[in-house]
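# A structural walkthrough
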Amino acid sequence: QVQLVESGGGLVQAGVSLRLSCVASGGTFSSNAMGWFRQAPGKEREFVAAISRFGGTTEYADSVQGRFTISRDNAKNTVYLQMNSLKPDDTAAYYCAVARDGITSRGWRSDKAYRYWGHGTQVTVSS
């Protein structure tokens, strides 16, 4: 059973940066793509970013393109989300997830493409 633990969230002012981390255990980390999603109160969970097994391909939601960067370190079983120029609209619980076997990048934006999920880390951005 794969376990994911996110960290790095917090309460920050608009314009600053945060880096989220997600450490995986219980599986072969480099076997699957990884993704980040977020969910704000009263809203549906939405795709933020995803990265291929060895980091060669990434994809981003339009709302974070150019501000957020996803990366991974397979030696540390960790995926990161560097978030710059944070805005109040970025306020949400952020979750990392492991993609299901065989999912291609065309499927990354759907939460149904992911098999394992972390418990989330809260990011709150004040104006």
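Anything mentioned here points back to the structure above.
This report concerns the structure included in the present document. This structure is a prediction, so every number in the text was calculated from the model and none was measured. (Residues numbered from 1 in each chain as written. Predicted model: local features only at pLDDT ≥ 70, side-chain atom pairs only at ≥ 80, totals over all residues. Heavy atoms only, no water.)

Summed over all chains, the structure comprises four aromatic pairs. With 5.7 Å between their ring centres and 75 degrees between their planes, phenylalanine 37 and phenylalanine 47 make a pair best called edge-to-face. Of the two residues, phenylalanine 37 sits in strand S4 (residues 34-39) while phenylalanine 47 sits in strand S5 (residues 46-51), which places them ten residues apart along the sequence. Among the aromatic residues, ring-to-ring pairing joins Phe37, Phe47, Tyr114 and Trp117 into one connected group. Over the ring of tryptophan 117 we find arginine 45, and its NZ or CZ is 3.8 Å from the ring centre. Here the guanidinium or amino end of arginine 72 rests over the ring plane of phenylalanine 29, the centre of that ring lying 4.5 Å away. (Phe/Tyr/Trp six-rings, centres within 6.5 Å; stacked < 30°, edge-to-face > 60°. Helix = DSSP H or I, 4+ residues; strand = E, 2+ residues; numbered from the N terminus. Lys NZ or Arg CZ within 6 Å of the ring centre and 35° of its normal.)

Mapped onto the elements, threonine 121 comes out in strand S11 (residues 121-126). In this structure threonine 121 comes out as buried when scored by relative accessible area, which is 11%. A polar side-chain atom of threonine 121 sits 3.1 Å from the main-chain amide nitrogen of glycine 9. Not counting the four nearest positions on each side in its chain, threonine 121 is found in contact with Glu6, Ser7, Gly8, Gly9, Leu20, Ala92, Ala93 and Tyr94. (Buried < 20%, exposed > 50% of the residue type's maximum accessible area, 1.4 Å probe, protein only. Polar contact = N/O pair within 3.5 Å; in protein donor to acceptor, adjacent residues only side chain to side chain. Contact = heavy atoms within 4.5 Å.)

We now examine the nonpolar core. Side chains of a nonpolar character, in soluble globular proteins, are inclined to be buried together. Leu4, Trp36, Val79, Leu81, Met83, Tyr94 and Tyr114 are the most contacted members of the largest nonpolar core, which totals 39 residues. For this core, the secondary structure elements donating two or more residues are strand S3 (18-25), S4, S5, strand S7 (68-73), strand S8 (78-83), strand S9 (92-99), strand S10 (114-117) and S11. Residue contributions to this core peak at six residues, all from S9. Excluding residues that lie within four positions of it along the chain, valine 79 makes contacts with Leu20, Ser21, Cys22, Phe29, Met34, Trp36, Ile51, Ile70, Ser71, Arg72 and Cys96. (Core = buried A, V, L, I, M, F, W, Y, C linked by side-chain atoms within 4.5 Å.)

Structurally, alanine 33 is set in the loop between S3 and S4. C-alpha of alanine 33 to C-alpha of glycine 55: the two residues are 22 residues apart in sequence and 8.5 Å apart in space.

A separate point is the pairing of S5. Counting buried positions along S5 yields five of six residues, so the element is predominantly enclosed. Strand direction decides the pairing type here: S4 and S5, joined by five bridges, are antiparallel. Paired with phenylalanine 37 across the two strands is phenylalanine 47, which belongs to S5. The turn linking S4 back onto S5 is made up of six residues, and glycine 42 within it adopts a positive phi angle of 80 degrees. As defined by bridge partners, S5 adjoins strand S6 (residues 58-60) across three bridges and the pair is classed as antiparallel. Across the sheet, residue alanine 49 finds its bridge partner in S6, namely tyrosine 60. What sits between the antiparallel neighbours S5 and S6 is a turn of six residues, in which glycine 55 has the positive phi angle 85 degrees. (Pairing = 2+ DSSP bridges.)

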